[in-house]
Amino acid sequence: MAELTELVIARLGEPLRFVELEGDAVFAYAPAAAFADPERLLDMIEACYVAFQLRLEEMRRATTCTCSACAAIGALDLKFIAHLGSFVLQETPTGAKPIGPDVILVHRLLKNRIIETLGTRAYALLTDALLGRTGATLGLPAHAERYDDLGEVRGRVVDLTLAVARHRETRIYVSRAEADLELVTELPVPPAVAWEYHIDPRKRMRWQLDAREIEARPNAAGRAGVGWESHCDHGGYTLVHRAVDWRPFEYLTLESTPVMRGGVKLPRSYSTFEFTEAGSGHCVVAMRVRARERGVLGLVRIPLGVWVIRRQFTAHYAVLARVLAEDARAWQTAP
């Protein structure tokens, strides 16, 4: 249990701030500015659950003990409650602790009827107060709880077992050996934050300065994930990026198709962006690109594409490092 609890705490890392253990529950919070889009928080929750299930599988394979505790490993599971509200910080001997009515509410939501109503044992409940920041429902089933002293609380429920199923799907990953181009950059934020700045159109416009417009389109499930698309207008051409592998906050792979408006046609490519913790709240992003067309025309197009991408993203990442440093100072000092 100690090993699993440590894993959950580690996975719910920055920009979340760990408060304390409450029995077998992990209590954490973040300033609102750290998660402008609630879907990024959901990405973190799903990644935590996947890591939890993979560790359980390792434990089951590694033990031959037949005691009741070891035999019950397979029955362990997780639930998450996520809410947006106000609080004040109270200084305690173990550090600052959020208190207030919304903190009470999120604790009360731990006792709910989700299993009885929806039949979902491993879940995340996201309140409407949280999802209301963007007006998105993410295509999730609705749920409501009523308390005599707090009234009705509405939200949406995520079946976390679906995240595990997606994790087991075929991987599309550009390795260092396969790449036509690799750029490695250290950024002054943890992987979860760097990830958001790579997929949120508004944030990308702040560091991909040659883009005139960036539009993101959700996948068939209404989520950012495999099938999600990003259309980037660069004036003389448009790049259509389609997510073909999505592993928050480890790596994502995009299939990129250029739509040219004249000139030499750039090659279609796969680009993997891999995020690795570097300590002290930093991460390293490795961008690896491999052209899909490997024929005779590739002898011309691949060197041209490599030159264009290297020039663009060397400049882009220099700007991104500055933008992240400024934004990190803002949300790290926020209450």
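Report on the accompanying structure. (Residues numbered from 1 in each chain as written. Predicted model: local features only at pLDDT ≥ 70, side-chain atom pairs only at ≥ 80, totals over all residues. Heavy atoms only, no water.)

## Concerning the pattern of salt bridges
Step number 1: A full pass over the atoms with the stated rule returns 24 salt bridges.
Step number 2: With its nearest N and O atoms 3.8 Å apart, the salt bridge here joins Arg 11 to Glu 250. Of the two residues, Arg 11 is situated in helix α1 (residues 2-11) and Glu 250 in the loop between β12 (237-247) and β13 (251-260); the sequence distance between them amounts to 239 residues.
Step number 3: In this structure, Glu 58 and Arg 55 form a salt bridge, with 3.6 Å as the shortest nitrogen-oxygen distance. (Salt bridge = Lys/Arg side-chain N within 4 Å of Asp/Glu carboxyl O. Helix = DSSP H or I, 4+ residues; strand = E, 2+ residues; numbered from the N terminus.)

## Overview of the environment of Pro 201
Step number 1: With respect to the helices, strands and loops of the structure, Pro 201 is situated in helix α9 (residues 201-204).
Step number 2: Using a relative accessible area of 22% as the deciding quantity, one classes Pro 201 as partly exposed.
Step number 3: When the C-alpha positions of Pro 201 and Val 323 are compared, they lie 15 Å apart, and in sequence the two are 122 residues distant.
Step number 4: In contact with Pro 201, not counting residues within four places along its chain, are Ile 214 and Ala 216. (Buried < 20%, exposed > 50% of the residue type's maximum accessible area, 1.4 Å probe, protein only. Contact = heavy atoms within 4.5 Å.)

## Structural notes on unusual backbone geometry
Step number 1: The omega torsion of the bond from Glu 14 to Pro 15 falls at 10°, within 30 degrees of zero and hence cis.
Step number 2: As for its placement among the helices and strands, Pro 15 is situated in the loop between α1 and β1 (17-22).
Step number 3: Put simply, Pro 248 and Phe 249 share a cis peptide bond, and its omega is -15°.
Step number 4: Structurally, the position occupied by Phe 249 is in the loop between β12 and β13.
Step number 5: Despite not being glycine, Ser 280 shows a phi value in the positive range, around 55°.

## Quick notes on the packing of aromatic side chains
When we look at a pair of aromatic rings, we describe it by the centre distance and by the angle of the planes.
Step number 1: Taken as a whole and judged by the stated rule, the model has 10 aromatic pairs.
Step number 2: Seen in terms of ring centroids, Trp 195 and Phe 249 are 5.7 Å apart; in terms of plane orientation they differ by 85°. Their pairing is edge-to-face. Of the two residues, Trp 195 is situated in helix α8 (residues 191-199) and Phe 249 in the loop between β12 and β13; the sequence distance between them amounts to 54 residues. You'll find Trp 195 and Phe 249 in the same group, each marked buried. (Phe/Tyr/Trp six-rings, centres within 6.5 Å; stacked < 30°, edge-to-face > 60°.)

## Comments concerning the nonpolar core
The nonpolar side chains of a soluble globular protein tend to be buried with one another.
Step number 1: Counting residues in each nonpolar core, the largest one holds 69 residues, and the members touching the most others are Phe 80 and Leu 126.
Step number 2: Every residue in contact with Leu 126, bar those within four places of it in the chain, is listed here: Leu 42, Ile 45, Ala 82, Leu 131, Leu 140, Gly 155, Arg 156 and Val 158.
Step number 3: Within the second largest apolar cluster, 10 residues are counted, among which are Ile 81, Tyr 123, Leu 125 and Tyr 147. (Core = buried A, V, L, I, M, F, W, Y, C linked by side-chain atoms within 4.5 Å.)

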